[in-house]
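Understanding the architecture of this molecule
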Amino acid sequence: DTAVSQTPKYLVTQMGNDKSIKCEQNLGHDTMYWYKQDSKKFLKIMFSYNNKELIINETVPNRFSPKSPDKAHLNLHINSLELGDSAVYFCASRPLAGEGDTQYFGPGTRLTVL
Amino acid sequence: DAKTTQPPSMDCAEGRAANLPCNHSTISGNEYVYWYRQIHSQGPQYIIHGLKNNETNEMASLIITEDRKSSTLILPHATLRDTAVYYCIVRFYNQGGKLIFGQGTELSVKP
């Protein structure tokens, strides 16, 4: 009965590879987010989708491409991985505006680029 | 979004109250104060939020000063499992957008 789930939990890959991280929420929420937490532990927003539509893109390199096949899923595809992409990536979701403002986070995906 | 200032770290004895301060002197009239925490290696977890009145839920209490320039999160009986980084965030309610995380306060609850 996990609310926000992410796969995989750990991802180790070589520079230059393309990889995807998947996120699913079973809360019926309309808005989903991707956050990045770097080695210094700073958490920063990357993207936000509302009902499959992109509403926030925080000047993330275009090697990162979020995809939302439906409002319960927000996947993150990363092309040509670089060393600096190593981080923990968190997915989050939030109910429709007017139904609460709490963001619910997934367990995170630790990406290591070698 | 207004900026917040928190002490980088605090200690608390198990079973005692943990009082975590936050300064937000540039908060605007309609901005709320939110608290989240991140237990090691886990995703952030919502704790509580408030506008001007004090708030309490099953996890914590939030005390906001009358001028709203600062607040205190209170964990009434801290346990070892409350060891985490606590983030104070100010934002408009239902803004629909991002949470802007600062460096937070690393709370260590000791036996």
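Scroll up a little and you will see the structure.
Now for a look at the structure at hand.

Parameters and conventions
- Residues numbered from 1 in each chain as written.
- Chains lettered and ligands numbered in written order.
- Predicted model: local features only at pLDDT ≥ 70, side-chain atom pairs only at ≥ 80, totals over all residues.
- Heavy atoms only, no water.
- Contact = heavy atoms within 4.5 Å.
- Buried area = accessible area lost by both parts, 1.4 Å probe.
- Salt bridge = Lys/Arg side-chain N within 4 Å of Asp/Glu carboxyl O.
- Polar contact = N/O pair within 3.5 Å; in protein donor to acceptor, adjacent residues only side chain to side chain.
- Nonpolar A, V, L, I, M, F, W, Y, C, P; charged D, E, K, R; others polar.
- Pairing = 2+ DSSP bridges.
- Helix = DSSP H or I, 4+ residues; strand = E, 2+ residues; numbered from the N terminus.
- Axes fitted to C-alpha atoms, helices over the stretch in contact; angles between N-to-C directions.
- Disulfide = S-S within 2.5 Å.
- Buried < 20%, exposed > 50% of the residue type's maximum accessible area, 1.4 Å probe, protein only.

**Quick notes on the interface of chain B and chain A**
Taken residue by residue, the interface counts 21 residues in chain B and 23 residues in chain A. In this assembly, chain B packs against chain A so that about 1,600 Å² is buried in total across both faces, 50% of it on carbon and sulfur atoms. At the surface where chain B touches chain A, the tally comes to 0 salt bridges. For the interface between chain B and chain A, the tally reads 3 residue pairs in polar contact (both at pLDDT 80 or more). Across the side of chain B that touches chain A, the residue classes break down as 9 nonpolar, 10 polar and 2 charged.

**Observations concerning the sheet that holds strand 7 (residues 70-75) of chain B**
Residues and elements named next belong to chain B. Taken together, the 4 strands give an open sheet; going across it, the order is 2-7-6-5, and neighbouring strands pair in antiparallel fashion. In the strand order of this sheet, the two ends are held by strand 2 (18-23) and strand 5 (55-56), each with one partner. Direction of pairing for strand 2 relative to strand 7: antiparallel, over a ladder of 6 bridges. Bridge pairing in strand 7 places Pro-21 opposite Thr-72.

**Brief notes about the sheet that holds strand 1 (residues 4-7) of chain A**
Residues and elements named next belong to chain A. Pairing is antiparallel across the open sheet formed by 4 strands, whose spatial order is 1-3-8-7. Either end of the sheet is taken by a strand with one partner, and the two such strands are strand 1 and strand 7 (64-70). Put simply, the sheet's adjacent strands are angled 20° from each other on average, direction ignored. Both strand 3 (residues 19-25) and strand 8 (residues 73-78) contribute to a ladder of 4 bridges, which runs antiparallel. Paired with Ser-20 across the strands is His-77, a residue of strand 8.

**Let's talk about the state of the cysteines**
Under the counting rule described, the total for this entry stands at 2 disulfides over all chains. The disulfide that involves Cys-23 of chain A links it to Cys-91 of chain A, with 1.9 Å between the sulfurs. The chirality of the disulfide connecting Cys-23 of chain A with Cys-91 of chain A is left-handed, given an S-S dihedral of about -75°. Of this pair, Cys-23 of chain A sits in strand 3 while Cys-91 of chain A sits in strand 9 (residues 87-94); the two residues are 68 residues apart in sequence, bridging distant segments of the chain. The residues Cys-23 of chain A and Cys-91 of chain A share a single accessibility class, namely buried. Disulfide partner of Cys-22 of chain B: Cys-88 of chain B, at an S-S distance of 2.1 Å.

**Things to note about the side chain of Thr-102 of chain A**
Structurally, Thr-102 of chain A can be placed in the loop between strand 9 and strand 10 (104-105). The contact partners of Thr-102 of chain A, leaving out residues within four places of it in the chain, are Ser-93, Arg-94 and Pro-95 of chain A together with Tyr-36 and Tyr-46 of chain B.

**Looking at the pattern of salt bridges**
Any two side chains of opposite charge can pair, so long as their charged atoms come close to each other. One pass over the structure, following the stated rule, counts 4 salt bridges over all chains. Where Lys-71 of chain A meets Asp-30 of chain A, a salt bridge forms, and the shortest distance between an N and an O atom there is 3.4 Å. Here the residue Lys-71 of chain A occupies a position in the loop between strand 7 and strand 8, and Asp-30 of chain A occupies one in the loop between strand 3 and strand 4 (31-37), the gap between them amounting to 41 residues. On the basis of relative accessibility, which here comes to 13%, the residue Asp-30 of chain A falls in the buried class. For Asp-82 of chain B, the salt bridge goes to Arg-37 of chain B, with nearest N and O atoms at 2.8 Å. With Asp-82 of chain B in the loop between strand 7 and strand 8 (84-92) and Arg-37 of chain B in strand 3 (residues 31-38), the pair connects residues that are 45 residues apart, well separated along the chain. Of the two residues examined, Asp-82 of chain B and Arg-37 of chain B, each falls in the buried class. Connected through shared salt-bridge partners, Arg-63, Glu-82 and Asp-85 of chain A make up one network.

**Structural notes on unusual backbone geometry**
Glycine aside, a negative phi is what most residues show, and trans is what most peptide bonds show. At the junction of Thr-7 of chain A and Pro-8 of chain A, the peptide bond is cis and its omega measures out at -5° in the coordinates. Looking at where Pro-8 of chain A falls in the secondary structure, it is placed in the loop between strand 1 and strand 2 (10-13). We note that Lys-41 of chain A has phi near 75°; this positive angle belongs to a residue other than glycine. Inspection of the secondary structure assignment puts Lys-41 of chain A in the loop between strand 4 and strand 5 (43-50). If you check the backbone angles, Ser-41 of chain B has positive phi at about 70° while not being a glycine.

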